[in-house]
Amino acid sequence: MTERYDTVVIGGGQAGLATGYYLQQHDQDFVILDASDRVGDAWRARWDSLRVFTPARYSSLPGMDYPGSPYAFPTKNEVADYLETYAQRFDLPVELGVRVDGLERSGDGFLVTAGDRRIEADNVVVAMASYQIPKVPDFAAELSDDVVQLHTSDYRNPDQLQDGDVLVVGAGNSGAEISLDVAIEHETWLSGRDVGHVPFHIDSWVGRHLGVPFVMRVLFHRIFTTGTPIGRRIRPKVLSQGGPLVRTKPSDLAAAGIERVPRMTGVRDGRPVVGDDDVLDVGNVIWCTGFRPDFSWIDLPIFDGKELPKEPVHVRGVVPDEPGLYFVGLFFLYAMTSGLFTGVGRDAEYVVDHLTSTARQQPPRPSYTGSVDGLPQQS
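Everything numeric here is computed off the predicted structure, so don't read it as measured data.

Caption draft 1: Fine view of the confidence of the model for the protein. Averaged over every residue, the pLDDT of the protein is 91; the share at 70 or more is 93%. Throughout residues 364-379 the model reports pLDDT below 50, and contacts reaching past four residues in sequence, or to other chains, amount to 78 contacts.

Caption draft 2: View of helix α4 (residues 173-182). Counting buried positions along α4 yields nine of ten residues, so the element is predominantly enclosed. Along α4, the residues that are buried comprise Asn173, Ser174, Gly175, Ala176, Glu177, Ile178, Ser179, Asp181 and Val182. The inward-facing, buried residues of α4 abut β9 (166-169), β10 (188-191), α7 (250-255) and β15 (284-287).

Caption draft 3: Examining the packing of aromatic side chains more closely. This structure, assessed with the given rule, holds eleven aromatic pairs. When the centroid spacing of 6.4 Å and the interplanar angle of 45 degrees are considered together, the rings of tyrosine 21 and tyrosine 86 count as tilted. With a gap of 65 residues between them, tyrosine 21 in helix α1 (residues 14-25) and tyrosine 86 in helix α3 (residues 76-89) connect regions that are remote in the sequence. The two residues tyrosine 21 and tyrosine 86 agree in class, both being buried. Positioned above the aromatic ring of phenylalanine 73, the side-chain terminus of arginine 247 is 5.1 Å from the ring centre.

Caption draft 4: Spotlight on the pairing of β10. Side chains of β10 alternate between two faces, with Thr188 and Leu190 and Trp189 and Ser191 buried alike. Relative to β10, β9 runs parallel, the two sharing four bridges. Each residue of the ladder has a partner; that of valine 166, found in β10, is threonine 188. Regarding the hand of the β-α-β motif, the stretch spanning β9, α4 and β10 is right-handed. Pairing of β10 with strand β11 (residues 259-261), which is carried by three bridges, proceeds in the parallel orientation. Bridge assignment links leucine 190 to a residue of β11, and that residue is arginine 260.

Caption draft 5: Inspection of the sheet that holds strand β8 (residues 148-151) at higher detail. Across the sheet, which stays open at both edges, the five strands sit in the order β8-β15-β9-β10-β11 with parallel pairing between neighbours. Edge positions in the sheet fall to β8 and β11, since each of these pairs with one other strand and no more. Mean inter-strand twist for the sheet, computed between neighbouring axes without regard to direction, equals 20 degrees. Inspection of the sheet shows β8 paired to β15 by four bridges, in the parallel sense. Its bridge partner being in β15, histidine 151 is matched across the sheet by tryptophan 287.

Caption draft 6: Structural context of unusual backbone geometry. At aspartate 27, a position not held by glycine, the phi torsion is positive, near 55 degrees. Backbone geometry places aspartate 91, a non-glycine residue, at a positive phi of 50 degrees. The topology assignment puts aspartate 91 in the loop between α3 and β3 (94-95).

About the cut-offs
Residues numbered from 1 in each chain as written. Predicted model: local features only at pLDDT ≥ 70, side-chain atom pairs only at ≥ 80, totals over all residues. Heavy atoms only, no water. pLDDT = per-residue confidence, 0-100. Contact = heavy atoms within 4.5 Å. Buried < 20%, exposed > 50% of the residue type's maximum accessible area, 1.4 Å probe, protein only. Helix = DSSP H or I, 4+ residues; strand = E, 2+ residues; numbered from the N terminus. Phe/Tyr/Trp six-rings, centres within 6.5 Å; stacked < 30°, edge-to-face > 60°. Lys NZ or Arg CZ within 6 Å of the ring centre and 35° of its normal. Pairing = 2+ DSSP bridges. Right-handed = clockwise from strand over helix to strand, strands pointing away. Axes fitted to C-alpha atoms, helices over the stretch in contact; angles between N-to-C directions.

As structure tokens, this is what we get:
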């Protein structure tokens, strides 16, 4: 039997829950579908020592402040529990263990399929991040079989590694933090370009009261957006290369004995080559090289066909060519904070306001697509 809702939200992470909060404020008939067994499992599945890269005061969803000290850096499990409590507090209609495998048009609305389930809806909000498929270079397959390879999606702790040196490939926030994690027990090399860093320690007095508020609430939230010339100019670079280091500093890496090396460029005799011609004799490689989005299950003509992976064409999450279809949670969907707790609520509110508008006026056609690469700043 075909089920029916006004709106289907696909994804029950922070983006989907924030969207559900605002749909509930508008008394909408909706359901949130998520493939996980528990709300927050996407966070529970990350590496053991992970803490969010920004303080708790910027880790709240609309309607519910993050508990505890606003200056603490919550662990991954604490964030997961917060999301689970959020869904329970607002009694959001989250259905777990439901993996959506199809989305297409059905008359004036949409048909969502998940296995044998068929769900019709006037509106669909795809509330998923840009990070579904782990990304590694093709030459990873050329590494020797005696080299342990892990992607950040598989890495949990140093116990997974064998004796010997470690090469961490990718020097963004995840790469820097994992390097510090493994350097306690292993000689560690960090490969990749310098992505820059915020020019203050975020747990210092200056950072807490001046630096972090300016970066998170002004620079990343209001200036670096698709609505400003500078935001539109830096967006392609941020999408392809990621953002700056937030908590970790180059001095922290140096103090831990981590040696910086150029980008990994290939493999020779089963070992990684960095820079022009330097071969590293390491026993372990950790790929902190990001993820690719996967919207292959969406059978709608909404993607920019110029490059792979294809990205949905949208304006602040509103898809002009498919009225009733929306996206929330993409990296730099509207601002640099769009993939963070501090920005996802604003994006969700904008999308739901448009969805519930009687006029439903479509925005002008965009000159950009959705997010592409780059490591998550808070995941």
